[in-house]
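Next come the chains, spelled out residue by residue.
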Amino acid sequence: MPRRKTASFEENLQELEKIVNRLESGEAPLAEVMADYTRGMELSGKCLEALKKAEEQMDVLLAESADGSVTEQELIIEGER
């Protein structure tokens, strides 16, 4: 069975924005609102996790050694390899 592609941060954020717009419109039936809310919370968690990972990677990139010099390390961005 083929592996399913993991959505990028940008794809998840775009879907989340669409859900927020639908919820803000106030025109969807309750069942759709509940499904959208559940999916929105899932996407929100994925986006926050991706941002946290990016922040941790930047912290590693900017870490200073004991002598005060900056240690340069490769920045690995999820989904680009």
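Further up the page is the structure itself.
A. Local environment of a nonpolar patch on the surface. Taken together, L23, Y37 and M41 make up a surface patch of nonpolar side chains, about 300 Å² in accessible area. Residue position: Y37 is located in helix α2 (residues 30-61).

B. Spatial organisation of the environment of G40. Assignment of secondary structure puts G40 in helix α2. Excluding residues within four positions of it along the chain, G40 makes contact with L16 and I19.

C. View of helix α1 (residues 9-25). The terminal C-alpha atoms of α1 lie 24 Å apart, and with 17 residues this matches the ideal 24 Å at 1.5 Å per residue to within 8%. Those residues of α1 that sit buried are N12, L16 and I19. Taken around the axis of α1, the buried residues stretch over an arc of 60 degrees, which confines them to a single face. Across from the buried face of α1, at angles greater than 90 degrees, the exposed residues are E10, N21 and E24.

Quick notes on the rules
- Residues numbered from 1 in each chain as written.
- Predicted model: local features only at pLDDT ≥ 70, side-chain atom pairs only at ≥ 80, totals over all residues.
- Heavy atoms only, no water.
- Patch = residues over 30% accessible without salt bridge, like charges linked within 9 Å, V, L, I, M, F, W, Y side chains within 5 Å.
- Areas by Shrake-Rupley, 256 points an atom, 1.4 Å probe, with all protein chains shown as cover.
- Salt bridge = Lys/Arg side-chain N within 4 Å of Asp/Glu carboxyl O.
- Helix = DSSP H or I, 4+ residues; strand = E, 2+ residues; numbered from the N terminus.
- Contact = heavy atoms within 4.5 Å.
- Expected span 1.5 Å × (residues − 1).
- Buried < 20%, exposed > 50% of the residue type's maximum accessible area, 1.4 Å probe, protein only.
- Arc of directions from axis to C-beta.

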